[in-house]
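# Inside the fold
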Amino acid sequence: KELHIATPESVLLFFSRVFELGKQFDNYGILIDLRDAKVPDAVTRRTINGEFRKLCDEASHVSFVTGKNILINTAAKFVMFQTDLNSYTVHKNIEDGITAIKNVINIDHT
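The sections below set out a description of the structure shown in this document. (Residues numbered from 1 in each chain as written. Predicted model: local features only at pLDDT ≥ 70, side-chain atom pairs only at ≥ 80, totals over all residues. Heavy atoms only, no water.)

### A few points about the sheet that holds strand 3 (residues 88–91)
The condition that has to hold: Strand pairing is defined by DSSP finding a minimum of two bridges between the two strands. Helix numbering and strand numbering both begin at the N terminus, where a helix is a DSSP run of H or I of at least 4 residues and a strand a DSSP run of E of at least 2. All axes are obtained by fitting lines to C-alpha atoms, using only the stretch in contact for helices, and the reported angles, taken between N-to-C directions, cover 0 to 180 degrees. Whether two residues are in contact is decided by their heavy atoms, any of which lying within 4.5 Å being enough.
Strand order in the open sheet formed by three strands is 1-2-3, and the pairing between neighbours is parallel. Bordering the open sheet on either side are strand 1 (29–33) and strand 3, each of which pairs with just one other strand. Averaged over all neighbouring strand pairs, the angle between strand axes comes to 15°, with direction disregarded. Bridge count for strand 2 (residues 61–65) against strand 3 is four bridges, and the pairing is parallel. From the neighbouring strand, valine 62 faces strand 3, where its bridge partner is tyrosine 88. Its contacts with the sheet put helix 3 (residues 70–81) on strand 2 and strand 3, and the angle it makes with strand 3 is roughly 175°.

### A look at the environment of threonine 89
Put simply, the test is: Under the scheme applied here, a residue whose accessible area is under 20% of the maximum for its type counts as buried, over 50% as exposed, and between as partly exposed, the area being computed with a 1.4 Å probe on protein chains only.
Note on placement: threonine 89 falls in strand 3. For threonine 89, a relative accessible area of 24% translates into the label partly exposed. Residues threonine 89 and threonine 44 lie 45 residues apart in sequence; the distance between their C-alpha atoms is 21 Å. In contact with threonine 89, not counting residues within four places along its chain, are His61, Val62, Ser63, Phe64 and Ala100.

Take a look at the structure:
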């Protein structure tokens, strides 16, 4: 769950933990809950872009959960456009985001 207002420091902390946890798996996806987040400022967006570029070599899929927030939908798509990660989706709810990850990394849905 993203903070209401992200900062470069919070982004680096989040991604540090993602990379640490991801080392345990050959194939994984990430669910990012942005439903309560505000669109980040320019400095924070640059930090996010840089971290997502590193993530492209690690994660198989990213699911963003944005609710009905059109501004956050656009921001998420813009960030992903600037990376090499081809597998990402934007969802209104967590369940759909989890399903998308499972579909990409072929996890049994039972």
